[in-house]
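Report on the structure
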Amino acid sequence: MAHNRHSEPERLGMQEPGMTSEDLEQLLGIERVRAEEAGRKTEEYLRDLQRIQADFINYKRRTEQEKAEQLKFANAILMLKLLPVLDDLERAVDTVQPEMAGLNWVQGIALIERKFRSLLEGEGLVPIPALGMPFDPNLHEAVVFEEGDEDETVVVSVFQKGYKLGNRVIRPAMVKVRGKRVAANGLPPQEMTEEKSS
């Protein structure tokens, strides 16, 4: 049996009456070019779609971060407004005379102070340790300085508690510190006078 060689258009049934195999080959070539062009456009549309999708994901992430930052800022402002109330409640509890400590209303005030502090701490409020700690200008605001022999400046008294909201300081502790007096150049005053005379 002889192998019948047909052109590709003939095998695909594209041949119409009156068309030569050259016409069919040319038609097939045109269709291949159109298919390649359609494939390129499809790839281009796919790339555009992927880029738009990535842009949307980035936009969504960015807006969520902005909302979270705005919420943190709003919480910080609210906490700052509530801190004086907490300060007053703590002062009221701390100044109760021992003979009044057993009275119901005094115990009620103490309970309100504990609940209020617990509520704020539940929202991320953290007291800043101060008394006996080395002075840290990022956490403490020195309002009184007492000269002493300590090499390190230490907090010796707290006038107002400081607080953080998470890791961010929202109110530094107002403190009294003691240590060696240091000039602007970082040297104690005695060393400064020695430095000038040499």
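Structure first, text after, so check above.
Residues numbered from 1 in each chain as written. Predicted model: local features only at pLDDT ≥ 70, side-chain atom pairs only at ≥ 80, totals over all residues. Heavy atoms only, no water.

Attention now goes to the overall build of the protein. Along its length, the protein carries 4 helices and 6 strands. Listing the helices and strands of the protein from first to last along the sequence gives α-α-α-β-β-β-β-β-β-α. With 198 residues in all, the protein has 17% of them scored as buried. Sequence-distant contacts in the protein: of pairs separated by 6 or more residues, those separated by 24 or more amount to 56%. In the structure as shown, the protein presents an accessible area of about 15,000 Å², 55% of it carried by carbon and sulfur atoms. (Helix = DSSP H or I, 4+ residues; strand = E, 2+ residues; numbered from the N terminus. Buried < 20%, exposed > 50% of the residue type's maximum accessible area, 1.4 Å probe, protein only. Contact = heavy atoms within 4.5 Å. Areas by Shrake-Rupley, 256 points an atom, 1.4 Å probe, with all protein chains shown as cover.)

It is worth spelling out the sheet that holds strand E5 (residues 168-171) at this point. Where strands meet in a sheet, backbone hydrogen bonds hold them as pairs that are either parallel or antiparallel. If you trace the 3 strands from one edge of the open sheet to the other, you get E1-E4-E5, paired in antiparallel fashion. Unpaired on one side and paired on the other, strand E1 (125-127) and E5 mark the two borders of the sheet. Taken pair by pair, the neighbouring strands of this sheet meet at an average axis angle of 40°, ignoring direction. Most of the contacts of helix H2 (residues 21-94) go to E5, to which it runs at about 50°, and overall it touches E1, strand E4 (163-165) and E5. (Pairing = 2+ DSSP bridges. Axes fitted to C-alpha atoms, helices over the stretch in contact; angles between N-to-C directions.)

Now for the environment of Leu 86. Of note, Leu 86 is situated in helix H2. Since its relative accessible area comes to 1%, Leu 86 is described here as buried. Other than its neighbours up to four places away in sequence, Leu 86 contacts Glu 113, Phe 116, Arg 117, Leu 120 and Tyr 163.

Turning to the environment of Asp 87, a few remarks are in order. Structurally, the position occupied by Asp 87 is in helix H2. The class for Asp 87 is buried, based on a relative accessible area of 6%. In this structure the C-alpha to C-alpha distance between Asp 87 and Arg 117, which are 30 residues apart in sequence, comes to 9.8 Å.

Read from one edge of the open sheet, 3 strands run E2-E6-E3, paired in mixed fashion. Of all the strands in the sheet, just strand E2 (140-147) and strand E3 (154-160) have a single pairing partner and so form its edges. When the angles between neighbouring strand axes are averaged without regard to direction, this sheet yields 30°. The pairing of E3 with strand E6 (residues 173-179) spans 5 bridges and is antiparallel.

Attention now goes to H2. In this model, H2 (74 residues) spans 106 Å end to end at C-alpha, consistent with the 110 Å of a helix rising 1.5 Å per residue. Taking the largest bend as the criterion, H2 deviates by roughly 30°, centred on Leu 82, and proline Pro 84 comes between one and four positions later. Buried residues of H2: Leu 24, Leu 28, Ala 76, Met 79, Leu 83, Leu 86, Asp 87, Leu 89 and Glu 90, and no others. (Expected span 1.5 Å × (residues − 1). Bend = angle between axes of the 7 residues up to and from the residue.)

Attention now moves to the side chain of Arg 171. Its location among the elements puts Arg 171 in strand E5. At 2.9 Å, the side chain of Arg 171 forms a polar contact with the side chain of Asp 87. (Polar contact = N/O pair within 3.5 Å; in protein donor to acceptor, adjacent residues only side chain to side chain.)

The subject of this paragraph is the packing of H2 against helix H3 (residues 104-122). Remark: H2 packs on H3, axes separated minimally by 9 Å, with the N-to-C direction vectors making an angle of 150°. The orientation of H2 relative to H3 falls into the category roughly antiparallel. When the axes of H2 and H3 are compared, the crossing they make is left-handed. Facing H2, whose interface residues are Met 79, Leu 82, Val 85, Leu 86, Leu 89, Glu 90, Ala 92 and Val 93, H3 presents Ile 109, Ala 110, Ile 112, Glu 113, Phe 116, Arg 117 and Leu 120. Of the residues in the contact of H2 with H3, the class split is 12 nonpolar, no polar and 3 charged. (Parallel < 35°, antiparallel > 145°, perpendicular 65-115°, else oblique. Left-handed = near helix turned anticlockwise from the far one by under 90°. Nonpolar A, V, L, I, M, F, W, Y, C, P; charged D, E, K, R; others polar.)

Turning our attention to the pattern of salt bridges. Evaluated as defined, the whole model comprises 10 salt bridges. Residue Arg 117 pairs with Glu 113 through a salt bridge whose shortest N-O separation is 2.1 Å. On the criterion of helical spacing, the pair formed by Arg 117 and Glu 113 is a turn pair, its members being 4 residues apart in helix H3. Note on Arg 117: relative accessible area 26%, which makes it partly exposed. The closest approach of N and O atoms between Arg 178 and Glu 146, which form a salt bridge, is 2.6 Å. Highlighted residues: Arg 178 in strand E6 and Glu 146 in strand E2, separated in sequence by 32 residues. (Salt bridge = Lys/Arg side-chain N within 4 Å of Asp/Glu carboxyl O.)

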